[in-house]
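Overview (structure and organization)
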Amino acid sequence: MIEARDVKRTFLMGKVEVKALKGISLNIGKGEFVAIVGSSGSGKTTLLNQLGLLDTPTSGKVFIDSTNVSELTDKQKIRFRLNNLGYVFQDYALIPTLTGLENVYLPLMMQGRTQENIMKEAVSIIEAVGLADRMHHLPSEMSGGQQQRVSIARALVHEPKILFADEPCANLDSEASRQILELFSRFNEENEQTIVMVTHEQWHLDYVDRVITLKDGLIAD
Ligand SMILES: Nc1ncnc2c1ncn2[C@@H]1O[C@H](COP(=O)(O)OP(=O)(O)OP(=O)(O)O)[C@@H](O)[C@H]1O
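Treat the numbers as computed from the prediction; the structure is a model and nothing was measured.

1. Concerning a nonpolar patch on the surface
Taken together, the side chains of M13, V16 and V18 present a nonpolar region at the surface, about 280 Å² in accessible area. Relative to the assigned elements, M13 resides in strand β1 (residues 2-13).

2. Details of the packing of aromatic side chains
Inspection of every chain in the model, using the stated rule, returns four aromatic pairs. Consider the rings of F33 and F184, whose centres lie 6.2 Å apart with planes at 75°: the pair is edge-to-face. With a gap of 151 residues between them, F33 in strand β3 (residues 33-37) and F184 in helix α6 (residues 174-191) connect regions that are remote in the sequence. F184 shares its class with F33; the two are buried. For the pair Y87 and F89, a centre-to-centre distance of 6.1 Å together with 5° between the ring planes defines the contact as stacked. Under the relative-accessibility criterion, Y87 is labelled buried at 16%. Following the ring pairs from residue to residue traces out a cluster consisting of Y87, F89 and F164.

3. Observations regarding the site of the ligand
In the region of the ligand, the neighbouring residues are F11, M13, V18, A20, S39, S40, G41, S42, G43, K44, T45 and T46. In the model, an oxygen atom of the ligand is placed 2.9 Å from a nitrogen or oxygen of the T45 main chain. Summarising the interface, the protein chains cover 60% of the accessible area of the ligand, which totals 630 Å² for the free molecule. Contributing elements (two or more residues each) for the shell around the ligand: β1, β2 (16-28) and α1 (44-51). The element that contributes the greatest number of residues to the shell around the ligand is α1, accounting for three residues. Residues that form the shell around the ligand fall into these classes: four nonpolar, seven polar and one charged.

4. So, the pattern of salt bridges
Close approach of charged atoms allows side chains of opposite charge to pair. Applying the stated rule across the entire model yields seven salt bridges. For R5, the salt bridge identified is with E3, shortest N-O distance 2.9 Å. Its relative accessible area of 41% is what places R5 among the partly exposed residues. Measuring nitrogen to oxygen at the nearest pair gives 2.6 Å for the salt bridge that ties E175 to R178. A residue pair is termed a helical-turn pair when its members lie 3 or 4 positions apart in one helix, as E175 and R178 do in helix α6 at three residues.

5. Here we look at the UniProt feature "domain: ABC transporter" (unreviewed entry) in the chain
Mapped onto this structure's residue numbering, the UniProt feature "domain: ABC transporter" (unreviewed entry) falls at residues 2-220. With 34% helix and 28% strand, the stretch residues 2-220 has end C-alpha atoms that lie 19 Å from each other.

6. Quick notes on helix α2 (residues 74-84)
Buried within α2 are the following residues: K77, F80, L82 and N84. Those residues of α2 that are buried are in contact with β4 (59-64), β5 (67-68), β6 (85-89), α3 (100-110) and β7 (162-166).

7. Topic: the sheet that holds β3
One open sheet accounts for six strands, arranged β6-β7-β8-β3-β9-β10; its pairing is mixed. Both edges of this open sheet fall to β6 and β10 (218-219), since each of them pairs with a single strand only. Across five bridges, the pairing between β7 and strand β8 (residues 194-198) is parallel. In the sheet register, I162 faces β8, and the bridge partner there is T194.

8. A short note on the side chain of K44
Take K44: it is sitting in helix α1. No salt bridge is formed by the buried K44, whose closest oppositely charged neighbour, E167, lies at an N-O distance of 5.0 Å. At 2.8 Å, the side chain of K44 forms a polar contact with the backbone oxygen of G38. Sequence-distant contacts of K44, that is, excluding residues within four places in its chain, are made with I36, V37, G38, S39, E167, V198, T199 and L214.

Here is what the cut-offs are and how they apply
Residues numbered from 1 in each chain as written. Predicted model: local features only at pLDDT ≥ 70, side-chain atom pairs only at ≥ 80, totals over all residues. Heavy atoms only, no water. Patch = residues over 30% accessible without salt bridge, like charges linked within 9 Å, V, L, I, M, F, W, Y side chains within 5 Å. Areas by Shrake-Rupley, 256 points an atom, 1.4 Å probe, with all protein chains shown as cover. Salt bridge = Lys/Arg side-chain N within 4 Å of Asp/Glu carboxyl O. Helix = DSSP H or I, 4+ residues; strand = E, 2+ residues; numbered from the N terminus. Phe/Tyr/Trp six-rings, centres within 6.5 Å; stacked < 30°, edge-to-face > 60°. Buried < 20%, exposed > 50% of the residue type's maximum accessible area, 1.4 Å probe, protein only. Near = heavy atom within 4 Å. Polar contact = N/O pair within 3.5 Å; in protein donor to acceptor, adjacent residues only side chain to side chain. Nonpolar A, V, L, I, M, F, W, Y, C, P; charged D, E, K, R; others polar. UniProt positions renumbered as here; feature names shortened; annotations may be inferred. Contact = heavy atoms within 4.5 Å. Pairing = 2+ DSSP bridges. Lys, Arg positive; Asp, Glu negative; His and termini not counted.

The structure is reproduced here in structure tokens:
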């Protein structure tokens, strides 16, 4: 489903080159729940961003199914992301002036679906993340864990091939974190949802199928 071939990413900081990824090759299969771990600065977020089309490798290739996504134009990448990928970030990234339900509508509206279909799908996923009674509230009226569940509903409402999550529990206490990880597990098991998650918490690894450890921009043995 996801294949990375010798992916490198170098950032230029003034005149200094920072080699964040030094040649990553990996395969992630359909329906896998994979964690990317490693110490701070090892390249976890940078790798997630290459696999999730949020950044472009300096060299190397990324394939999603049979599409060489490294070769897409910016416009094609936007469409590919909209139709195939979902994202969850540590800061939830919700629109503060929209209710939970309205935040979840957005990806479907951007796909140009009918009002009836948008309503049906959005309500159904909001219920699936356990927020039926909070859907008409603004993000500011919800706890961090509830806001993160809205963002998961938004990420999954269009049934993406892959869900990318960058430290989704970083701002949550252990109980709220457990709820998020159990949701991920449930979507992974029941819907064969492929999930790639960056984390630095050892206990989160109990929920995943496979761990990819990074060290200084490379996959550690
Ligand atoms: N936009 C950027 N410009 C310059 N350097 C960057 C940029 N993004 C990342 N880096 C550098 O690339 C390296 C890898 O960063 P990355 O954020 O991928 O690490 P990480 O493993 O996710 O770290 P953390 O656990 O602290 O979030 C670091 O040295 C970082 O400073």
